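Notes for the structure review
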Amino acid sequence: MSFAFTGVRADGTEVPLPAPASARYDSGEDAPADGFRAEFPLQNSCGALARLRVSGADGGTLFFGTADVQRETVSGTGNILQISCRSLAGLLLDSSPVPQTYEAPSLSVIFERHIRPYGFASFLGGAAVCRGELQIVRGMSEWQTAAEFCRKFLGTAPRVRGTVFDASGAAGNGFLALGTGGTRFFRAEVRRRECDRLTRIYVPDGATGLYRLAAQEDEAAAGVRRLRCLSGAGADASAVLRRADRSAFAVYAECPGMPEAEVGTPASFCDPVLGNYPGMTVSQVRCTWDADGLRTVYCLRRDS
């Protein structure tokens, strides 16, 4: 599989890079910023790089982001360029907005003021003016500002896809079928972590401060009783319970080649030994280049 690795300087000058000696790409639903790090053979200094783009043979972009850490080293064992990058979401995580309050905000306004200035080209999601107030307080990041708007007014969790801020909440394109009749794998594992499962969530009453049951799961079906008390009266107990249930079960599959699906893509897993698991979603993607070739590890979790 052919890839093109391109460094981009601050002035827009592009620097073609050779195939890396090793590299790794990471994407996960719980991490706003995708990551990429690599070691390239070095013939001459590349100068200071601001961005890195990884493109596939079809011209599509696997990764685009900031060059956060760059190291150029010469030694008797060889000259190397080491680079560590994050997607553009990293800039939103690193930056803080001026505290303010928006009355009747819209996604287009939030995008223009808090997202576009960091190198984003466009957004996906409803652009209508929303009823209500969005308060930005000291200590929030630009990412928290955008994510809070999406949660409060759109009911979505945003993702960064290249230079696009995706607030649509849509699932990833296509469908990933792993195992029998689908994408083959080298190794697969079904992992259960019952220690993550919760059965009852308590939150304090806003008026009295007394804790009350806010969400629960069938303890007989779960086979365990595990309680959690949340500190905030407005905490979403049902969401905490769903996240705990989701983290308690996962399927991992290591496959040859580059990623065929992104985080959020509907998926299934089928194997004569491990079993059949429909109704899954790609939760994490890790792609690795090294002396053993190119391979991708998927983590699938049940739909929430």
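Up top is the structure.
In this report, the structure presented in the accompanying data block is examined.

Parameters at a glance
Residues numbered from 1 in each chain as written. Predicted model: local features only at pLDDT ≥ 70, side-chain atom pairs only at ≥ 80, totals over all residues. Heavy atoms only, no water. Salt bridge = Lys/Arg side-chain N within 4 Å of Asp/Glu carboxyl O. Helix = DSSP H or I, 4+ residues; strand = E, 2+ residues; numbered from the N terminus. 1 Å grid on protein atoms, 1.4 Å probe; cavity = no way out; pocket = protein on both sides within 12 Å on 5 of 7 lines; lining within 4 Å. Points joined across faces, edges and corners; volume = space filled by probe spheres on them. Nonpolar A, V, L, I, M, F, W, Y, C, P; charged D, E, K, R; others polar. Buried < 20%, exposed > 50% of the residue type's maximum accessible area, 1.4 Å probe, protein only. Contact = heavy atoms within 4.5 Å. Phe/Tyr/Trp six-rings, centres within 6.5 Å; stacked < 30°, edge-to-face > 60°. Lys NZ or Arg CZ within 6 Å of the ring centre and 35° of its normal. Lys, Arg positive; Asp, Glu negative; His and termini not counted. Polar contact = N/O pair within 3.5 Å; in protein donor to acceptor, adjacent residues only side chain to side chain. Pairing = 2+ DSSP bridges. Axes fitted to C-alpha atoms, helices over the stretch in contact; angles between N-to-C directions. Parallel < 35°, antiparallel > 145°, perpendicular 65-115°, else oblique.

Points about the pattern of salt bridges
Evaluation of the coordinates by the stated rule reveals 19 salt bridges. Between Arg151 and Glu148 there is a salt bridge whose closest N-O contact spans 2.7 Å. Residue Arg151 and its partner Glu148 are both found in helix α3 (residues 142-154); the two are separated by three residues, about one turn of the helix. With a closest N to O distance of 2.9 Å, Glu262 and Arg161 form a salt bridge. Separated by 101 residues along the polypeptide, Glu262 in the loop between β18 (249-256) and β19 (266-271) and Arg161 in strand β11 (residues 159-161) bring together distant segments of the chain.

Details of unusual backbone geometry
Positive phi, close to 50 degrees, is recorded for Ala104, a residue that is not glycine. Its location among the elements puts Ala104 in the loop between β8 (100-103) and α2 (107-114).

Some remarks on the layout of surface pockets
Its volume calculated, the largest pocket comes out at about 1,500 Å³. Counting only elements with at least two residues in the lining of the largest pocket, the list comes to β4 (31-41), α3, β11, α5 (237-247) and β20 (275-290). Top contributing element to the lining of the largest pocket by residue count: α5, with six residues. Considered class by class, the residues forming the lining of the largest pocket number 13 nonpolar, 12 polar and 13 charged. Approximately 560 Å³ is the volume found for the second largest pocket. If you go around the second largest pocket, you meet 25 residues; those closest to its centre are Tyr25, Thr61, Leu62, Phe63 and Glu262. Listing elements by their share of the lining of the second largest pocket, those giving two or more residues are β3 (22-28), β6 (61-73) and β11. Taken together, the residues of the lining of the second largest pocket sort by class into 11 nonpolar, eight polar and six charged.

Here we look at the environment of Cys130
Within the secondary structure, Cys130 sits in the loop between β9 (122-124) and β10 (133-136). Of the residues examined, Cys130 reaches a relative accessible area of 13% and is grouped as buried. With 24 residues separating them in the primary sequence, Cys130 and Leu154 have C-alpha atoms 8.8 Å apart. Not counting chain neighbours up to four residues away, the residues in contact with Cys130 comprise Ala104, Pro105, Phe149 and Phe153.

Some thoughts on the packing of aromatic side chains
To describe a pair of aromatic rings, one takes the distance between the centres and the angle between the planes. For the structure shown, the criterion picks out 13 aromatic pairs. On the numbers, 5.9 Å between centres and 70 degrees between planes, the contact of Phe5 with Trp289 is edge-to-face. Of the two residues, Phe5 sits in strand β1 (residues 3-8) while Trp289 sits in strand β20, which places them 284 residues apart along the sequence. This pair shows no difference in class: Phe5 is buried, exactly as Trp289 is. Among the aromatic residues, ring-to-ring pairing joins Phe3, Phe5, Tyr25, Phe36, Phe40, Phe63 and Trp289 into one connected group. The side chain of Arg302 reaches across the aromatic face of Phe249, ending 3.9 Å from its centre.

Concerning the side chain of Glu142
Along the chain, the position of Glu142 falls in helix α3. Arg113 provides the closest opposite charge to the buried, unpaired Glu142, separated from it by 11 Å. Polar side-chain contacts of Glu142 include one of 2.9 Å to the side chain of Tyr118. For Glu142, the contacting residues outside a window of four places in its chain are Leu92, Ser95, Ser96, Pro97, His114 and Tyr118.

Some remarks on the pairing of β19
Two strands pair when backbone bridges link them, and strand β13 (residues 176-179) and β19 are joined in this way by four bridges, in the parallel orientation. Bridging across to β19, Leu178 finds its partner in Phe269. Looking at chain direction, β19 and β20 are connected through five bridges and run antiparallel. Bridge pairing in β20 links Ala267 to Met280. Where β19 folds back onto β20 in an antiparallel hairpin, the turn is made up of three residues.

Notes on the packing of α2 against α3
Packed helices, taken two at a time, are described by the angle their axes make and the gap between the axes. Here α2 crosses α3 at 175 degrees, and the two axes come no closer than 11 Å. Taken together, the axes of α2 and α3 are roughly antiparallel relative to one another. Across from Leu107, Ile110 and His114 in α2, the residues of α3 making contact are Glu142, Thr145, Ala146, Phe149 and Leu154. Its residues assigned to classes, the contact of α2 with α3 shows five nonpolar, two polar and one charged.

What about the sheet that holds strand β16 (residues 211-216)?
The pairing of strands in a sheet happens through backbone hydrogen bonds and is either parallel or antiparallel. Pairing is mixed in the open sheet, where three strands are placed in the order β16-β15-β17. Edge strands, defined here as strands with exactly one partner in the open sheet, are β16 and β17 (227-229). Pairs of neighbouring strands in the sheet enclose a mean axial angle of 25 degrees, with direction left out of account. Note: strand β15 (residues 200-204) against β17, three bridges, orientation parallel. Looking at the pairing, Ile201 lines up with Arg228 of β17.

Bear in mind that shape data such as this cannot, by itself, settle questions of function.
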